[in-house]
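Architecture and fold: a report
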Amino acid sequence: MPLSAAEVGKRYPPFAQEVDARWLMSYAAGLGDALDCYLDSCREGGIVAHPVFPVAVEWEPILARRHDADFPGALTFPELARGVHSAHDLHLHRPIVPDDRLTTEVEQAGAYATRAGAVSMTRLETRDASGEPVCTTYMQNLYRGVALEGGEAWSATPPPLPDFAHADAVAHRMPIPVRAEAAHIYTECARIWAPIHTDRAVALAAGLPDIILHGTCTLALAVSRVIERCVGDPRRVTRLGCRFTGMVRMPSTVMLHVDREAHDRVSFEARNEDGRSALQGGYVCWTSHEFRESAPR
């Protein structure tokens, strides 16, 4: 059955959860990122979340849609199984800190057709206990071989991607080693479980060559390297994202290619051990301030 554009504009009930220090520290540790601001709870000002941590906060609200009476809409479950997370655009309004009480609202924000299949755009808005925005995400899913019914539609148009027309061309190369158990560790530390990443039998049954690393883990590893080389303080990061274009197997080495750099942003690509692109059109943007204060706890 086709993906229905009639679903565009639908919003799901807000999903509330509390973030504790254990979750924040575990996420960073699962990436092998040991910056004090992620792990040292005695440091002045306390710890903050890794900039990609919002993907962990958004996972349960995404899954909660499956309890909606209309889910899965026009798509059959085999068609849903052909869906892949194809792009991610995350806007950070402030860093997440321990004891944040967050509420995430999920909206089916758009749908359009490509040669590969139908694309669904989801908008996730996460706010704190006072109602102030914490992060906004535009997440794209491609349903391979699925048609679109009703034509292209939008209820929330995603913002333009960062502009690198005037950025300097650079050629920074950074290897990122990926351990054999990386997906298992990320699954538990991020609290993001999907069996194709940890259960070989499930991965093979899905037509994959083996278990593969989460795309958001590959993105987080790349962002950690960008912060280390170009940003310094992760609290300065305001936006990040990429297109997910290839698989990362374990163990292996991912090569990060930073190709454009300006005073407040870089663009990058990550290639897997076969030299094929795993992340394309990657970017990290940051504020020019030394850091941004977290919201009061």
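Residues numbered from 1 in each chain as written. Predicted model: local features only at pLDDT ≥ 70, side-chain atom pairs only at ≥ 80, totals over all residues. Heavy atoms only, no water.

Let's talk about unusual backbone geometry
To keep things clear, this is the line we draw: Numbering of helices and strands starts at the N terminus; helices are DSSP runs of H or I of at least 4 residues and strands are runs of E of at least 2. Burial classification: accessible surface area is computed with a 1.4 Å probe over protein chains only, and a residue below 20% of its type maximum counts as buried, one above 50% as exposed, and the rest as partly exposed.
In this model, M250 is joined to P251 through a cis peptide bond whose omega is -10°. Position of P251 among the secondary structure elements: in the loop between β10 (237–244) and β11 (252–262). The phi dihedral of D99 is positive, around 70°, even though this residue is not glycine. The topology assignment puts D99 in the loop between β3 (83–92) and β4 (100–113). On the basis of relative accessibility, which here comes to 46%, the residue D99 falls in the partly exposed class.

Concerning the side chain of Q140
The condition that has to hold: Counted as a polar contact is a pair of N or O atoms within 3.5 Å, where, for protein atoms, one must be capable of donating a hydrogen and the other of accepting one, and residues adjacent in sequence contribute only when both atoms are in side chains. We call two residues in contact whenever any of their non-hydrogen atoms come within 4.5 Å of each other.
Tracing the sequence through the fold places Q140 in strand β6 (residues 133–144). Side-chain polar atoms of Q140 contact the side chain of Y112, separated by 2.8 Å. Dropping the residues within four chain positions of it, Q140 is found in contact with V84, H85, S86, A87, Y112, V119, S120 and M121.

Examining the nonpolar core
How we decide: As used in this record, nonpolar core signifies buried Ala, Val, Leu, Ile, Met, Phe, Trp, Tyr and Cys residues forming a set joined through side-chain atoms within 4.5 Å.
Formed by 62 residues in total, the largest nonpolar core has its most connected members in Y27 and F53. At ten residues, the largest contribution of residues to this core is made by helix α7 (residues 215–231). If near-sequence neighbours (up to four positions away) are discounted, F53 is found in contact with V19, W23, L24, Y27 and I96. One finds A5, V146, L148 and A153 within the second-largest nonpolar core, a separate group that totals ten residues.

Some thoughts on the pairing of β3
Formally: Strand pairing is assigned whenever DSSP identifies at least 2 bridges connecting the two strands.
Burial runs high along β3: seven of the ten residues are buried. By the bridge criterion, nine bridges tie β3 to β6 in an arrangement that is antiparallel. The residue of β6 that forms the bridge with A87 is Q140.

Remarks on empty space enclosed by the protein
Note the cut-off: Here a cavity denotes a set of grid points, spaced 1 Å apart and computed over the protein atoms alone, in which a 1.4 Å probe fits but from which it cannot get out, and a pocket denotes an open set meeting protein on both sides within 12 Å along at least five of seven lines; residues with an atom within 4 Å of a point are reported as lining. Grid points are joined across faces, edges and corners, and a volume is the space filled by probe spheres set on the points.
Per the stated rule, a full pass over the model turns up one cavity of 30 Å³ or more. Its volume calculated, the largest cavity comes out at about 90 Å³. As for the largest cavity, its lining consists of 13 residues, of which A49, P51, L92, P95 and I96 are closest to the centre.

That is the geometry; function is a separate question.
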